[in-house]
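Topology and contacts: notes
Below are the chains, spelled out letter by letter.
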Amino acid sequence: MTQTLIDPANATGSLTGWAVAAGDRPALVRTFQFADFNTAFAFMTRVALKAETMEHHPEWSNVYNRVEILLTTHDAGGVTGLDVELARFIDAAAASLEGK
């Protein structure tokens, strides 16, 4: 299915805490911090399960209680509605685990 590209700056307007990735790469980025490693890992597990059902996977890294996430739709070459949908799920998952 073809996805329509969205300007990353426009996408961040409807999301809280997300920013446009630095450089030339069209992507959304956000860093979350949790109480500890177990909570960060639980968050990543929730996101991974959702991403798998969407067939849309984030780029991310985890160091102890911090999770850095980059969203872009590789097939489309930029940000699409899939990224916005996943970002909203990610925000809800983080909030449910008291992530900031």
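Refer to the structure above for everything that follows.
Let me sum up the structure you'll find in this document. Quantities reported herein were computed from a predicted structural model and do not represent experimental measurements.

So, helix α3 (residues 81-96)
Between its first and last C-alpha, α3 extends 23 Å over 16 residues, near the 22 Å set by a 1.5 Å rise per residue. Residues of α3 that are buried: Leu82, Asp83, Val84, Leu86, Ala87, Ile90, Asp91, Ala93 and Ala94. Contact partners of the buried residues in α3: α1 (8-12), β2 (28-33), α2 (37-54) and β4 (66-71). Once α3 ends, the next one or two residues include Glu98, with phi positive near 60°.

Comments concerning the environment of Glu68
Within the element layout of this structure, Glu68 appears in strand β4. The exposure class assigned to Glu68 is partly exposed, which follows from its relative accessible area of 34%. Along the chain, Glu68 and Ile6 lie 62 residues apart, while their C-alpha atoms are 22 Å from each other. Apart from the residues within four sequence positions on either side, Glu68 is in contact with Arg30, Thr31, Glu59, Trp60 and Ser61. Here Arg66 takes part through its side chain, which lies 3.1 Å from a polar atom of the side chain of Glu68.

Rules of the game
- Residues numbered from 1 in each chain as written.
- Predicted model: local features only at pLDDT ≥ 70, side-chain atom pairs only at ≥ 80, totals over all residues.
- Heavy atoms only, no water.
- Helix = DSSP H or I, 4+ residues; strand = E, 2+ residues; numbered from the N terminus.
- Expected span 1.5 Å × (residues − 1).
- Buried < 20%, exposed > 50% of the residue type's maximum accessible area, 1.4 Å probe, protein only.
- Contact = heavy atoms within 4.5 Å.
- Polar contact = N/O pair within 3.5 Å; in protein donor to acceptor, adjacent residues only side chain to side chain.

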